[in-house]
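One-letter residues, chain by chain:
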Amino acid sequence: QVQLEESGGGLVQVGGSLRLSCAASGASFDISLMGWYRQALGKQREPVAQITRGGDTHYGDFVKGRFIISRGDAKNSVILQMNNLSPEDTAVYYCRASSAALNGQIWGQGTQVTVSS
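Not measured: the values here are computed from a predicted model.

Visitor: Which residues make up the pairing of strand 11 (residues 111-116), and what are the values?
Guide: Of the two faces of strand 11, only the one carrying T111, V113 and V115 is buried; Q112, T114 and S116 on the other face are not. Across four bridges, strand 2 (residues 10-13) lies against strand 11 in parallel orientation. Paired with V12 across the two strands is V115, which belongs to strand 11.

This is the structure in structure tokens:
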């Protein structure tokens, strides 16, 4: 069974940076698409950044050049570098992986990011 494990959330001040990591375990194949979503209190979950197996990236409009998503050194891992954080970035961040071999998508348990003003 493939599972996602996230790390790197926490509390940071306005303008600070955080690095989120996500690694898939139990997958003998290359996962096609990995990325991050977030859900703030009382709001719907929204996409933050995605990266394909080939390295193509896509970002949510609100990112505005502040975040960088990349594939990690380990197979089926992804990193989200978040810079210049604002209170509006406060949310639970979820890692997501999708691939035909997964019969759809799977989600991590989420990691809390809190930006204090």
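Visitor: Would you mind going over the nonpolar core in detail, with residue names and values included?
Guide: If you look at soluble globular proteins, the nonpolar side chains tend to sit buried side by side. Core analysis: the largest hydrophobic core is formed by 29 residues, its most contacted members being W36, L80 and M82. Those elements that provide at least two residues to this core are strand 3 (18-25), strand 4 (33-39), strand 5 (46-52), strand 7 (67-71), strand 8 (77-82), strand 9 (91-99) and strand 11. The contacts of M82, once residues within four sequence positions are left out, are G16, S17, L18, L20, R66, F67, Y93 and V113.

Visitor: Outline the side chain of R96, supporting the account with residue identities and numerical values.
Guide: Its place among the elements puts R96 in strand 9. Comment: no salt bridge for buried R96; closest opposite-charge side chain is E6, at 11 Å. Only 2.5 Å separates the side chain of R96 from the side chain of Q105, close enough to count as a polar contact. Non-local contacts of R96, meaning those with residues more than four positions away in its chain, are made with L4, L33, M34, G35, Y37, Q50, Q105, I106 and W107.

Definitions and cut-offs
Residues numbered from 1 in each chain as written. Predicted model: local features only at pLDDT ≥ 70, side-chain atom pairs only at ≥ 80, totals over all residues. Heavy atoms only, no water. Buried < 20%, exposed > 50% of the residue type's maximum accessible area, 1.4 Å probe, protein only. Helix = DSSP H or I, 4+ residues; strand = E, 2+ residues; numbered from the N terminus. Pairing = 2+ DSSP bridges. Core = buried A, V, L, I, M, F, W, Y, C linked by side-chain atoms within 4.5 Å. Contact = heavy atoms within 4.5 Å. Lys, Arg positive; Asp, Glu negative; His and termini not counted. Salt bridge = Lys/Arg side-chain N within 4 Å of Asp/Glu carboxyl O. Polar contact = N/O pair within 3.5 Å; in protein donor to acceptor, adjacent residues only side chain to side chain.

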